Amino acid sequence: MGAVRALPEACQMTLWFVFALMTVAAIFAVLLPLGRNGRAQNQGSEVAVYKDQLAEIERDLAAGLIPAPDAEAARVEISRRLLAAAASEPAIAIAPQSNLRWRRTAAVLALAGLPLVAIGVYMPLGSPKLQDFPLAQRERVPGKAQSLENLVEQVQQHLEKNPTDGRGWNVLAPVLQRLGRFDDAVRAYRNSLTYNGESAERRADLGEALSAAAGGVVTAEAKSEFERAHALDADDPKANYFLGLAAEQDGRKDDAASIWRALLAKAPADAPWRALVQTSLARVGGGGTMPALSDQTIAASKDMAEGDRNAMVRGMVERLATRLKQNGDDVDGWLRLVRAYLVMGERDKAMGASVDARQAIASDAERLRQLNEGLKTLGLGG
Amino acid sequence: MIAESGHYALVLALGLALIQSVVPLIGVRLRDAALMNVARSTALAQLLFVVASFIALVMLHVNSDFSVANVYENSHSMKPLLYKITGVWGNHEGSMLLWVSILALFGGLVAAFGNNLPLSLCAHVLAVQAWIASAFYLFILVTSNPFLRIANPPIEGRDLNPVLQDIGLAVHPPMLYLGYVGFSISFSFAIAALMEGRIDAAWARWVRPWTLMAWIFLTLGIAMGSYWAYYELGWGGWWFWDPVENASLMPWLSGTALLHSALVMEKRNALKVWTILLSILTFSLSLLGTFLVRSGVITSVHAFATDPTRGVFILLILCLFIGGSLSLFAGRATSLKQGGLFAPISREGALVLNNLLLTVACAVVLFGTLYPLAMEMLADFKMSVGAPFYNLTFAPLFALLLLAVPFGPMLAWKRGDLLGVTQRLLAAGVAGLVAVAITWGWATGGSTLAPLAIGLGVFVIAGAVTDIVERTGLVRLPFATVLHRARGLPRSAWGTAFAHAGLGVALIGIVCETTWNSEHIATMKQNDVAQIAGFDVKLDGLLQRQGPNYREMIAQFNVSRDGQPVSVMTPSKRSFSTRGSSTTEAALLTRGASQLYISLGDANAEGAIAVRIYYKPMVLLIWWGPVLMAFGGVLSLSDRRLRVGAPKPARAKQRLQPAE
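Residues numbered from 1 in each chain as written. Chains lettered and ligands numbered in written order. Predicted model: local features only at pLDDT ≥ 70, side-chain atom pairs only at ≥ 80, totals over all residues. Heavy atoms only, no water.

Scanning chain A from terminus to terminus reveals 17 helices and zero strands. For chain A, the proportion of its 382 residues judged to be buried stands at 38%. Within chain A, contacts between residues separated by at least 24 positions form 53% of all contacts whose residues are at least 6 apart in sequence. Surface accessibility of chain A: about 21100 Å² in total, with carbon and sulfur atoms responsible for 59%. (Helix = DSSP H or I, 4+ residues; strand = E, 2+ residues; numbered from the N terminus. Buried < 20%, exposed > 50% of the residue type's maximum accessible area, 1.4 Å probe, protein only. Contact = heavy atoms within 4.5 Å. Areas by Shrake-Rupley, 256 points an atom, 1.4 Å probe, with all protein chains shown as cover.)

Time to look at the overall build of chain B. Looking only at helices and strands, chain B has 21 helices and ten strands in total. Structurally, chain B occupies a C-alpha span of about 80 × 75 × 60 Å along its principal axes. The buried share among the 660 residues of chain B stands at 60%. Per element, the accessible surface of chain B, about 24500 Å² overall, is 66% carbon and sulfur. Averaged over its 45 positive side-chain charges, chain B has a centre that lies 14 Å from the centre of its 33 negative ones. (Lys, Arg positive; Asp, Glu negative; His and termini not counted. Charge placed at Lys NZ, Arg CZ, Asp CG, Glu CD.)

Residue and element names in this part refer to chain B. Of the pairings in the sheet, the one linking strand β8 (residues 587-591) to strand β9 (residues 594-603) comprises five bridges and is antiparallel in character. When the sheet's bridge partners are listed, R591 is paired in β9 with S594. If you look at the hairpin formed by β8 and β9, you'll find two residues sitting between the two strands, and G592 has a positive phi there, around 65°. (Pairing = 2+ DSSP bridges.)

A word on the sheet that holds strand β10 (residues 609-616) of chain B. All names here are of chain B. If you trace the four strands from one edge of the open sheet to the other, you get β1-β10-β9-β8, paired in antiparallel fashion. Across the chains shown, the open sheet's two edge strands, defined by having one partner strand only, are β1 (518-524) and β8. Ignoring strand direction, the axes of neighbouring strands in this sheet form an average angle of 15°. (Axes fitted to C-alpha atoms, helices over the stretch in contact; angles between N-to-C directions.)

Residues and elements named next belong to chain B. Summed over the entire model, instances satisfying the criterion amount to 32 aromatic pairs over all chains. With centroids separated by 6.4 Å and ring planes inclined at 55°, the aromatic side chains of F407 and F459 adopt a geometry described as tilted. Remark: F459 occurs in helix α17 (residues 449-472) and F407 occurs in helix α14 (residues 407-410); sequence separation between them is 52 residues. Taken individually, F407 and F459 each receive the classification buried, so the pair is uniform in this respect. Aromatic rings pair up to connect W239, W241, F367, Y371, F389, Y390, F394 and F398 into one cluster. R561 extends its terminal NZ or CZ atom over the ring of F535, reaching a point 4.5 Å from the ring centre. Between K616 and the ring centre of Y614, over which it is positioned, the NZ or CZ distance is 5.0 Å. (Phe/Tyr/Trp six-rings, centres within 6.5 Å; stacked < 30°, edge-to-face > 60°. Lys NZ or Arg CZ within 6 Å of the ring centre and 35° of its normal.)

Let us now look at unusual backbone geometry. Residues and elements named next belong to chain B. Positive phi is not limited to glycine here, since A533 has a value of about 45°. Its place among the elements puts A533 in the loop between β2 (529-532) and β3 (535-546). When its relative accessible area of 34% is taken as the criterion, A533 is described as partly exposed.

This next bit is on the interface of chain A and chain B. Counting from both sides, the interface comprises 77 residues of chain A and, opposite them, 83 residues of chain B. When chain A packs against chain B, close to 6900 Å² is buried across both sides, 60% of that on carbon and sulfur atoms. If you look at where chain A meets chain B, you find two salt bridges. The closest approach of N and O atoms between D132 of chain A and R149 of chain B, which form a salt bridge, is 3.9 Å. Of all the elements in the fold, those that place two or more residues in the side of chain A that touches chain B are α1 (9-35), α2 (46-62), α3 (68-88), α4 (100-125), α5 (135-140), α6 (148-161) and α8 (182-196) of chain A. Tallied by class, the residues present in the side of chain A that touches chain B amount to 41 nonpolar, 20 polar and 16 charged. (Buried area = accessible area lost by both parts, 1.4 Å probe. Salt bridge = Lys/Arg side-chain N within 4 Å of Asp/Glu carboxyl O. Nonpolar A, V, L, I, M, F, W, Y, C, P; charged D, E, K, R; others polar.)

All told, the structure shown has 25 salt bridges over all chains when counted by the stated rule. Residue R75 of chain A pairs with E72 of chain A through a salt bridge whose shortest N-O separation is 2.8 Å. Separated by three residues within a single helix, R75 of chain A and E72 of chain A lie in helix α3, roughly one turn from each other. Look at R75 of chain A and you get partly exposed, because its relative accessible area is 22%. E513 of chain B serves as the salt-bridge partner of K616 of chain B, at 2.5 Å between the closest nitrogen and oxygen. With K616 of chain B in strand β10 and E513 of chain B in helix α19 (residues 491-516), the pair connects residues that are 103 residues apart, well separated along the chain. Overall, K616 of chain B belongs to the buried group, its relative accessible area being 2%. Using a relative accessible area of 3% as the deciding quantity, one classes E513 of chain B as buried. Three or more residues joined by partner-sharing salt bridges are found here, namely K223, D250, R252 and D255 of chain A.

Our next topic: the environment of T590 of chain B. Residue and element names in this part refer to chain B. Positionally, T590 belongs in strand β8. Remark: the alpha-carbon pair of T590 and S284, spanning 306 residues in sequence, is separated by 39 Å. The contacts of T590, once residues within four sequence positions are left out, are Q595 and L620.

This part covers the side chain of K84 of chain B. Residue and element names in this part refer to chain B. Turning to its location among the elements, K84 is positioned in helix α4 (residues 81-86). Engagement of the side chain of K84 in a polar contact is seen with the backbone oxygen of S77, the distance being 3.2 Å. Setting aside residues no more than four positions away along its own chain, K84 makes contact with H61, V62, S64, S75, H76, S77 and K79. (Polar contact = N/O pair within 3.5 Å; in protein donor to acceptor, adjacent residues only side chain to side chain.)

Ranked by internal contacts, the top residues of the largest apolar core, which has 183 residues, are W99, Y137, F189, W203 and L253 of chain B. Excluding residues within four positions of it along the chain, F189 of chain B makes contact with L117, L121, V125, W203, W206, V207 and W210 of chain B. (Core = buried A, V, L, I, M, F, W, Y, C linked by side-chain atoms within 4.5 Å.)

On to the confidence of the model for chain B, then. Within chain B, residue pLDDT values average 86, and 94% of them lie at 70 or more. Interface confidence in the predicted complex, given as ipTM, is 0.84; pTM for the same model is 0.76. (pLDDT = per-residue confidence, 0-100.)

Residue and element names in this part refer to chain B. Following both chains from N to C, one finds α17 and helix α18 (residues 479-488) inclined at 115°, their axes separated by 8 Å at the closest point. When the interaxial angle is binned, α17 and α18 end up roughly perpendicular. Within the contact between the two elements, α17 uses E470, R471 and T472 and α18 uses V482, R485 and A486. When its residues are assigned to classes, the contact of α17 with α18 shows two nonpolar, one polar and three charged. (Parallel < 35°, antiparallel > 145°, perpendicular 65-115°, else oblique.)

Attention shifts here to the confidence of the model for chain A. All names here are of chain A. Confidence in the prediction of chain A, expressed as mean pLDDT, is 77, and 81% of residues score 70 or more. Within chain A, no element has a lower average pLDDT than helix α14 (residues 295-326), which sits at 62, and none a higher one than α4, at 90. Predicted confidence is poor over residues 287-305, with pLDDT under 50, and the contacts of this stretch with residues over four places away or in other chains come to six contacts.

Right, let's talk about the environment of A214 of chain A for a bit. Residues and elements named next belong to chain A. Its place among the elements puts A214 in the loop between α9 (200-213) and α10 (220-232). The spatial distance from the C-alpha of A214 to the C-alpha of S199 is 23 Å, given a sequence separation of 15 residues. Not counting the four nearest positions on each side in its chain, A214 is found in contact with T219, L320, R323 and R336.

A cluster of nonpolar residues, L426, V430, V434, I438 and W442 of chain B, forms a patch on the protein surface that exposes about 560 Å² of accessible area. Mapped onto the elements, W442 of chain B comes out in helix α16 (residues 426-442). (Patch = residues over 30% accessible without salt bridge, like charges linked within 9 Å, V, L, I, M, F, W, Y side chains within 5 Å.)

Rendered as structure tokens:
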């Protein structure tokens with residue numbers, strides 16, 4: 001993003017000049033009537049209204065709308081009021097004397113008070129140093145120093161107009177993923193799938209984005225994407241890795257280990273993700289690449305791995321909990337959190353989270369219903 | 001430069017309003033014409049500056065200047081131009097600026113066309129206007145400033161709430177605000193009268209056109225809002241007794257009462273104090289509406305943002321003006337002269353009954369709106385007061401009112417002949433009974449009360465027709481005379497007839513829609529056929545389309561009746577990527593006053609889509625009624641005897657003659 005756009009000196013002067021002109025116009029509006037003598041001007045009176053009512057009766061009578069006796073009665077009534085009004089009229093007439101002292105005070109109020117109030121209120125609120133920044137001008141700024149966000153914005157605008165541009169979605173999606181805009185990345189991968197057609201790689205990418213959006217948890221939705229990817233290409237490394245991770249998160253450590261072991265067996269020796277899979281494998285205690293270890297060592301490494309694994313899951317759950325604390329209206333998120341606590345065997349925390357969840361979305365009946373149903377299936381209903 | 005100039009113009013308007021709220025009052029005390037005239041010139045200058053400020057904000061939105069926080073938060077460079085403009089008041093800050101612009105507009109109108117007002121009254125009125133204006137300028141500048149800037153402007157805005165991206169936003173809020181704020185004039189006149197310590201028939205004559213104008217706009221604004229909710233929200237509902245809707249209904253009810261009591265005051269010089277009180281109450285309810293909607297006490301489409309400081313600020317304004325005006329009323333009302341006696345059975349009596357019923361109805365709505373809020377705040381207990389409550393309370397009151405409506409205009413002033421009027425209304429009564437009988441015979445299912453309500457609606461319409469027939473002598477006299485008399489009939493009489501008939505029309509629409517609507521909710525696949533109210537609705541297919549700032553899934557339905565194709569309907573679902581939300585665009589097929597209504601739900605993976613199809617008989621009458629009422633209001637307003645500048649010299653009258 002650009003730096004603070006300060007006004008050049010000349011523009012600054014113009015702005016203050018405009019302010020001064022406006023102030024003068026405002027002061028003038030106050031001073032104008034003070035200088036004139038208002039007595040000559042005509043003003044309305046009650047007498048005129050009653051006279052008009054009398055005329056109205058004549059008109060109704062002429063049109064045959066009211067019978068003559070009614071008209072006569074009304075005429076008498078209005079005439080009576082007319083006389084009363086005429087009698088009281090002079091009492092409220094404008095006093096002839098003009099009060100010079102007060103007029104001067106009012107003039108001073110306008111001349112000094114108005115600019116003081118205006119500046120006094122404007123200065124703390126306004127930003128006279130900032131120039132306008134309309135879209136047209138912004139687009140004229142040459143492409144220097146285009147930040148990644150701006151580029152992404154431009155691509156998004158392009159895709160908004162040409163949503164069927166599959167290549168565009170393909171380019172955009174990984175960038176969004178890297179920027180941490182996981183929800184947008186999910187949408188972009190979905191569009192990429194729609195317009196570029198099925199491929200194991202895209203399905204797996206979508207699954208990855210989905211689990212990233214879920215704070216690292218391979219959700220059912222993400223898992224189904226990985227399964228589709230796996231069905232398309234049984235050797236797709238990303239799908240296999242995440243299916244393993246899903247198994248691990250479900251508590252099926254042996255399944256996870258076997259999936260990862262198979263993945264490593266087929267992997268080219270220089271695959272960049274080898275290390276990641278190996279550490280993952282070690283984590284679930286399936287470090288079976290070295291079968292010659294003694295039982296004791298295996299047990300030890302198993303223990304250690306157990307701790308590591310817990311730390312990792314805990315980290316994930318922690319992240320999810322923090323996210324929900326900031327933005328509590330995500331029903332799925334809450335359910336995931338409760339499920340995670342239950343899996344970790346922390347029933348108290350699970351209960352606590354479900355209470356928090358109810359509070360966070362209490363204002364929305366529909367979501368509350370979803371939550372309650374979800375909790376019931378987890379065995380926490382009631 | 002535009003942003004800062006607009007901001008500064010608003011600050012200057014505040015300065016002018018402050019001067020306008022003090023100097024004219026000193027002028028009145030000293031009887032100094034020059035000081036009193038300051039009110040008029042400052043009111044005009046204030047209008048100039050507020051309009052400049054509003055135009056500046058519009059330009060910023062049109063130019064997509066995202067260095068202004070308000071534009072960044074509510075606009076998007078790809079939005080169509082119309083929504084860039086309407087988006088100006090599609091958010092809290094902008095809508096408050098529109099509010100004060102309209103307030104300044106009314107102040108400016110009083111200043112410009114008030115030369116027939118006594119100078120001291122004009123000064124008082126404009127000073128009171130300036131108090132209201134100052135309070136709201138301060139509110140805007142301190143808590144909801146639309147001109148705040150962002151030093152590092154983002155590249156793209158966050159877009160307007162998609163539900164609001166509709167032509168309705170161009171019409172509904174300005175109309176509603178013209179109504180709400182229009183009542184500030186009668187409020188200011190009432191306060192001015194209390195301060196001057198005298199009111200008379202002439203006062204009512206000046207107030208009535210303003211009240212009528214505000215009432216027309218409010219009527220149209222509410223009707224428009226209701227129709228908008230009907231077609232945009234996709235549930236086919238048109239009134240939800242939602243607090244925000246009630247907030248607009250309450251000023252309408254008391255404004256209608258005010259309109260009628262001002263009539264008594266003008267014609268018979270009676271009910272003065274009551275009229276003053278109603279003026280105060282009506283505007284207080286408008287302010288209350290603003291508070292409920294703007295403070296975020298209620299969360300809804302209308303509460304664009306919630307911020308406690310705003311709520312507290314508006315609550316302060318509310319207490320200051322309602323409390324202040326009511327205590328002034330309490331202190332001064334006794335000193336006002338009462339006048340004009342009348343028998344209970346008379347036009348005045350009928351109008352008092354009207355006022356009584358309308359104010360009680362208004363009180364019921366007020367209770368239904370505030371009680372749940374109070375319970376939530378005090379007892380931390382959530383409840384909602386909905387249709388069942390209002391059906392039990394509001395509906396009987398209104399039924400009683402409607403039963404009395406045809407009698408009112410036919411009763412004589414001062415002392416009426418109820419029996420005579422009943423005889424003359426016999427034909428209308430028979431028409432109503434016939435309507436009951438016919439609906440009873442035809443109707444299948446539904447409430448037993450429905451035919452009765454329809455009969456009531458027909459009775460109200462027939463009553464309005466009877467009134468005109470009586471006045472023109474349509475049956476008794478030769479046609480030429482009738483024509484002459486019809487032309488000579490005051491337009492306000494025509495206006496009364498139209499407005500009252502509008503009530504009947506709306507009632508028939510409401511009853512038909514709620515009693516005999518049918519709905520069909522299903523998940524449909526391509527070539528599936530749904531049957532509803534004799535129509536066959538076939539889903540031809542789904543297609544995608546790209547709009548300017550949204551993507552749209554359109555479902556194409558072929559509607560046929562007895563094998564004959566009727567029309568093609570294309571409801572759609574739009575998804576807006578910037579806010580990641582979507583809207584339902586219902587498709588409407590109008591047949592006479594009835595409508596077929598299709599809105600889409602979610603599509604599932606197999607290409608099937610949830611569809612809601614409604615058949616709503618006579619539904620359009622619900623909105624034709626208010627339009628008819630507003631038309632009656634316009635007729636009444638065009639009656640030159642009610643003009644703002646009522647007393648015109650004879651020469652001017654002649655000049656105006658051909659136009660009539």
